[in-house]
Amino acid sequence: MHIYLDNAATTPLDPEVIEVMVETMKNEYGNPSSIHAHGRQAKTIVEKARKTIANLLHASPAEIFFTSGGTEADNMAIVRSIEAYGITHAITTPIEHHAVLHTLEELAKNDKIQLDLLRLDEQGNIDLNQLEELLAKNPRSLVSIMHANNELGNLTDIKRVSEICQQYNAIFHSDTVQTMGHYKHDLSELKIDFITGAGHKFHGPKGVGFLYINGNNKIRPLIFGGAQERNMRGGTENVYGIVGLAKALEIAYREMDEHHAYIQGLKSYMIDALKTAIPTIEFNGNLDPANSLYTVLNVSLPCTDMSDMLLFNLDISGISASGGSACSSGSDIGSHVLRGINANPDRPSVRFSFSKNNTKEEIDTVVAKLKEICEHN
Ligand SMILES: Cc1ncc(COP(=O)(O)O)c(C=O)c1O
């Protein structure tokens, strides 16, 4: 039996999503830019998907732009807002996804911006007082802070960040890739400039995502070409990907409360089982359910001799999970997130990430395997 506990990396497609994508592949092969009936039909489908997403997020369809995924959406928001608003200072955290961190570091390297990284406590919580202090000195900055961290699961209070940003007239971008489809985003309430989504994190297809651009913002495209996406993103639309993305988000919203409770139950169950099986286990990140993504659990294990072999060992036992260490030696550059919270480099860490498809029986198997591994090391 194979156990998949790497749902923060990607999720399996929902059968309903496969169904609508296959239908679209079979029947809707027109190019949305063509003016004949086939093209018009494809265009209608893309616009319907945009409207579905906009309605779920309480945004306007004109604020949703389809992209190739989360990485492109993050790049577009950061690069083009800095350019559009003549921004010279940006604030982020050391534990952002590389789609954000590397983009900002590149701009800083080329002297386009000065970049400040916020302090974190040992659980990876962000110091919002420092954000205020930095904004008081540099009011019109770009603030890019993720909603949930993909390795630790830590949630940021983006409502509070948005209030601080408004106070200092800062531009606020949040990488919401890990919370899209898992938490309800209400953009009629939340004052934010840019958020991002990627279909494959909520049982939709890979290679398709979107950028929400608040209607007050005017930025330039990142990818030039045809007039697609109202001149904001050249390239023939990924029609069946877009259809699958919208369907996946629709299902996610429909089933969110039920899945939230179920998956949080699995996570709590695993925490308790691990504490009993391996008393010296530790957890990376914030475990408080109010401040932690219910789909992610990052554990730090006492089997210090196993570092590199742990994931391999789990893999050959049929368990797929993700890892990272705080170490940065040799070819393994380790995890910048674990280094960011000063995790003990001698203890191997594993990120388990859950979905609606997982069961308690699977958790039991994984916990027993981890106990066995730790007892032999
Ligand atoms: C927090 C976060 N941001 C951005 C991305 C990148 O998304 P994509 O793989 O769709 O480019 C990911 C996915 O790994 C992620 O977890």
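To be clear, the structure that these remarks concern was listed above.
Worth saying up front: this structure is predicted, and the values here are computed from it rather than measured. (Residues numbered from 1 in each chain as written. Predicted model: local features only at pLDDT ≥ 70, side-chain atom pairs only at ≥ 80, totals over all residues. Heavy atoms only, no water.)

Enquirer: Where do I start with the overall build of the protein chain in this structure?
Expert: A count of helices and strands for the protein chain gives 12 helices and 13 strands. In summary, the protein chain has a C-alpha radius of gyration of 21 Å against a globular reference of 21 Å for 377 residues, a match within 12%. Counting only C-alpha atoms, the protein chain reaches 65 × 55 × 40 Å along its principal axes. A separation of at least 24 residues holds for 72% of the contacts in the protein chain among residues at least 6 apart in sequence. Counting 33 positive and 47 negative side-chain charges, the protein chain places the centres of these two groups 7 Å from one another. (Helix = DSSP H or I, 4+ residues; strand = E, 2+ residues; numbered from the N terminus. Rg over C-alpha atoms; globule rule 2.2 N^0.38 Å. Contact = heavy atoms within 4.5 Å. Lys, Arg positive; Asp, Glu negative; His and termini not counted. Charge placed at Lys NZ, Arg CZ, Asp CG, Glu CD.)

Enquirer: Mind showing me how you'd approach the site of the ligand here?
Expert: Around the ligand, the structure places 13 residues, and the nearest of them are Gly70, Thr71, Asp175, Gln178 and Lys201. Take threonine 71: an N or O atom from its side chain is 2.6 Å from an oxygen atom of the ligand. Between a nitrogen atom of the ligand and a side-chain N or O atom of aspartate 175, the distance comes to 2.6 Å. In isolation the ligand has 390 Å² of accessible area, and contact with the protein removes 84% of it. With three residues, the single largest contributor to the shell around the ligand is helix 3 (residues 70-84). (Near = heavy atom within 4 Å. Polar contact = N/O pair within 3.5 Å; in protein donor to acceptor, adjacent residues only side chain to side chain. Areas by Shrake-Rupley, 256 points an atom, 1.4 Å probe, with all protein chains shown as cover.)

Enquirer: How should I be thinking about helix 6 (residues 158-167) in this particular structure?
Expert: An α-helical turn contains 3.6 residues, so any two residues separated by three or four positions project in the same direction. Of all the positions in helix 6, only Ile158, Val161, Ser162, Ile164 and Cys165 are classed as buried. Taken around the axis of helix 6, the buried residues stretch over an arc of 160°, which confines them to a single face. Turning to helix 6, the residues buried within the fold contact helix 5 (128-137), strand 5 (142-144) and strand 6 (171-174). Two residues or fewer past helix 6, asparagine 169 is found with a positive phi of approximately 60°. (Buried < 20%, exposed > 50% of the residue type's maximum accessible area, 1.4 Å probe, protein only. Arc of directions from axis to C-beta.)

Enquirer: Sorry, what's going on with the packing of aromatic side chains here?
Expert: Each pair of aromatic rings is reported with the distance of its centres and the angle of its planes. The full count for this structure, using the stated rule, is one aromatic pair. Between tyrosine 183 and tyrosine 294 the ring centres are 5.3 Å apart and the planes differ by 50°, which places this aromatic pair in the tilted class. Taken together, the positions of tyrosine 183 in the loop between strand 6 and strand 7 (194-198) and tyrosine 294 in the loop between strand 9 (282-284) and strand 10 (296-300) put the pair 111 residues apart, joining distant regions of the chain. Tyrosine 294 matches tyrosine 183 in its accessibility class, with the two residues each being buried. A cation over an aromatic ring shows up here: arginine 140 above the ring of tyrosine 85, its NZ or CZ 5.2 Å from the ring centre. One cation-aromatic arrangement involves lysine 360 over tyrosine 269; the distance from NZ or CZ to the ring centre is 5.0 Å. (Phe/Tyr/Trp six-rings, centres within 6.5 Å; stacked < 30°, edge-to-face > 60°. Lys NZ or Arg CZ within 6 Å of the ring centre and 35° of its normal.)

Enquirer: Can you help me understand the sheet that holds strand 7 in this one?
Expert: The pairing of strands in a sheet comes from backbone hydrogen bonds and takes either a parallel or an antiparallel form. Pairing is mixed in the open sheet, where seven strands are placed in the order 2-8-7-6-5-3-4. What marks the edges here is a single partner per strand, and that holds for strand 2 (64-67) and strand 4 (114-117). Across the sheet, the mean angle separating the axes of adjacent strands is 20° when strand polarity is ignored. Here helix 3 sits on the sheet in contact with strand 2, strand 5, strand 6, strand 7 and strand 8 (209-213), set at roughly 160° to strand 7. (Pairing = 2+ DSSP bridges. Axes fitted to C-alpha atoms, helices over the stretch in contact; angles between N-to-C directions.)

Enquirer: What should I look at first to understand the pattern of salt bridges in this one?
Expert: Per the counting criterion, the structure on display carries 21 salt bridges. The residue arginine 80 makes a salt bridge to glutamate 83 at a minimum N-O spacing of 3.0 Å. On the criterion of helical spacing, the pair formed by arginine 80 and glutamate 83 is a turn pair, its members being three residues apart in helix 3. Across the pair arginine 254 and glutamate 255 runs a salt bridge, and its minimum N-O distance is 3.3 Å. A relative accessible area of 48% places arginine 254 in the partly exposed class. You can call glutamate 255 buried: its relative accessible area is 19%. The network of salt bridges with common partners includes Asp14, Glu16, Arg254, Glu255 and Lys356. (Salt bridge = Lys/Arg side-chain N within 4 Å of Asp/Glu carboxyl O.)

Purely geometric stuff here, so don't read any function into it on its own.
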